Number of protein chains: 2
Amino acid sequence: MKRIDVVGFGPGGYEYMTVQAIEAMKAADLIVGYTTYIDLIRGIFPDKTFLNTPMTREVERCKIALEEAGKGQQVALVSSGDSGIYGMAGIMLQVVQASGEDIPVRIIPGVTAASAGASMLGAPLMNDFAVISLSDLMVPLEQIMLRVKCAAEGDFVICLYNPKSRKRKDYLEKASDIVSNFRKPETPVGIVRRVGRENSSCELTTLKELNNAEVDMFTIVIIGNSTTYVRDGKMITPRGYVLKEV
Amino acid sequence: MKRIDVVGFGPGGYEYMTVQAIEAMKAADLIVGYTTYIDLIRGIFPDKTFLNTPMTREVERCKIALEEAGKGQQVALVSSGDSGIYGMAGIMLQVVQASGEDIPVRIIPGVTAASAGASMLGAPLMNDFAVISLSDLMVPLEQIMLRVKCAAEGDFVICLYNPKSRKRKDYLEKASDIVSNFRKPETPVGIVRRVGRENSSCELTTLKELNNAEVDMFTIVIIGNSTTYVRDGKMITPRGYVLKEV
């Protein structure tokens, strides 16, 4: 019997992959994933067999992985970023458990978009932070906005995943309005597009200007806390000792 | 002129390192870091020159990195986990900026302890989460506990870094008391010790039993949200669609 590896391969580029992720993909008989993710890695592993399924077919994708593993194939089910953060880890475990089959699942973590995005902006995550997805496909909007409010109230740095899509044009605006009740209009905000991939770009703006920023579903938005500042083009959330000693 | 790479090498084991982190350490003339971290990687890069400084000497370490880079050395300043999450990224940028010297700093992200810990527990981070350090060396305790309260109120999965040290014996108890005001005593809690290193271990407990768990500063604690459950030894925070379809 073979195993299913749920592989987080990082934001996209080969340089962000871990040794474990690369080895798992090399060892796989079959690499299964969402079409866009497969396109990111196909060129890196040209000899592999790939199977891609469209977005929103997560459960179907896991069932395929399970079926192929049941036939004796070593399967790598891939996610971008960390497979354990909004990735395929949970669904894969749930599908295997619901099936009653005894196929081992190994979760391979990766560099998540918040980490890769932060590295491009400077060092915004040096203090406590909250990670929130603005996608309401599976989570009610009120719940999401309550989380935005609580994170703002707690002065967390806030990392927003999936900030905008064609169907969700105004969620980022709603979120920034909520945060504005707790933070100054000049609060630095970092925006990273296509983080860790070709043609990635980043931009520094402020809470007050966030609604004018160009943002899509491949963008990550990092809103600073009350101490975050920008200097020499870098977004930095300091910790206390540095202020004292530097 | 050379560059300073601030390298997050992941939780410890070689398999968790990214290609970029490995290449940066290989390319360095000098690898600078906290003694414990240097001990983790010395065996992997036996030919390298290392310079280690004790804990709490972060600023000193950055000044050494800057001085050596100024002499024309290619320096890798290493952190475990992600250099951008409670790591050396911010301090290094601040030290370079305060010096007025024009030495480029590249931040190399890595797999943070929350990601590696979650992968050992199952899939607890499939929904929004907050990352909080219980170390009050640099952040006031009241601020930390306010964040715990806000994270609990927002039903975030909560990842606690640095949950305990010799000087901070009861902070984890304080935090779990606060969370208990918002969540059921049976809420699953995952505890991972020495995550991603030799002799790592993990344990599943509940919010009610958290105070009895064996926890130290090399431990990460992940407290589930209101929907997190344990099945077949795996801690899972589901997203909506799975409940419907599986």
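You'll find chain A entered in an unreviewed UniProt entry as Precorrin-3B C17-methyltransferase, with Frisingicoccus caecimuris given as the organism. The record in UniProt for chain A states the following under Pathway (unreviewed entry): "Cofactor biosynthesis; adenosylcobalamin biosynthesis."

What follows concerns the overall build of chain A. A count of helices and strands for chain A gives eight helices and 13 strands. At 19 Å, chain A has a C-alpha radius of gyration in line with the 18 Å of a compact globule built from 246 residues. Dimensions of chain A, computed from C-alpha atoms along their principal axes, come out at roughly 60 × 40 × 30 Å. A burial count over chain A gives 61% of its 246 residues as buried. Contacts spanning at least 24 positions in sequence make up 69% of the contacts within chain A whose residues lie at least 6 apart. For chain A, the computed accessible surface area is about 9400 Å², with 48% contributed by carbon and sulfur atoms. Computed over 28 positive and 29 negative side-chain charges, the inter-centroid distance for chain A is 1 Å.

To continue, consider the interface of chain B and chain A. Across the boundary between the two partners, chain B contributes 68 residues, which contact 67 residues of chain A. Buried area between chain B and chain A, summed over both chains or domains, comes out near 6100 Å², and the portion from carbon and sulfur atoms is 62%. Linking chain B with chain A are four salt bridges, by the criterion used here. Residue Arg 147 of chain B is joined to Asp 155 of chain A by a salt bridge in which the shortest nitrogen-to-oxygen separation is 3.9 Å. Run the count over chain B and chain A and you get 28 residue pairs in polar contact (both at pLDDT 80 or more). Here the element with the most residues in the side of chain B that touches chain A is helix 4 (residues 89-99) of chain B; it accounts for eight residues.

Either a parallel or an antiparallel arrangement is found when strands of a sheet pair, and the pairing is made through backbone hydrogen bonds. Residue and element names in this part refer to chain B. Taken together, the five strands give an open sheet; going across it, the order is 3-2-4-1-5, and neighbouring strands pair in parallel fashion. Taken across any chain shown, the strands that pair with only one partner, and hence form the sheet edges, are strand 3 (50-53) and strand 5 (105-108). Along the sheet, successive strands turn relative to each other by an average axial angle of 20°, direction set aside. With four bridges connecting them, strand 1 (residues 4-8) and strand 5 associate as parallel partners. Each residue of the ladder has a partner; that of Val 6, found in strand 5, is Ile 107.

Calculation notes
Residues numbered from 1 in each chain as written. Chains lettered and ligands numbered in written order. Predicted model: local features only at pLDDT ≥ 70, side-chain atom pairs only at ≥ 80, totals over all residues. Heavy atoms only, no water. UniProt positions renumbered as here; feature names shortened; annotations may be inferred. Helix = DSSP H or I, 4+ residues; strand = E, 2+ residues; numbered from the N terminus. Rg over C-alpha atoms; globule rule 2.2 N^0.38 Å. Buried < 20%, exposed > 50% of the residue type's maximum accessible area, 1.4 Å probe, protein only. Contact = heavy atoms within 4.5 Å. Areas by Shrake-Rupley, 256 points an atom, 1.4 Å probe, with all protein chains shown as cover. Lys, Arg positive; Asp, Glu negative; His and termini not counted. Charge placed at Lys NZ, Arg CZ, Asp CG, Glu CD. Buried area = accessible area lost by both parts, 1.4 Å probe. Salt bridge = Lys/Arg side-chain N within 4 Å of Asp/Glu carboxyl O. Polar contact = N/O pair within 3.5 Å; in protein donor to acceptor, adjacent residues only side chain to side chain. Pairing = 2+ DSSP bridges. Axes fitted to C-alpha atoms, helices over the stretch in contact; angles between N-to-C directions.

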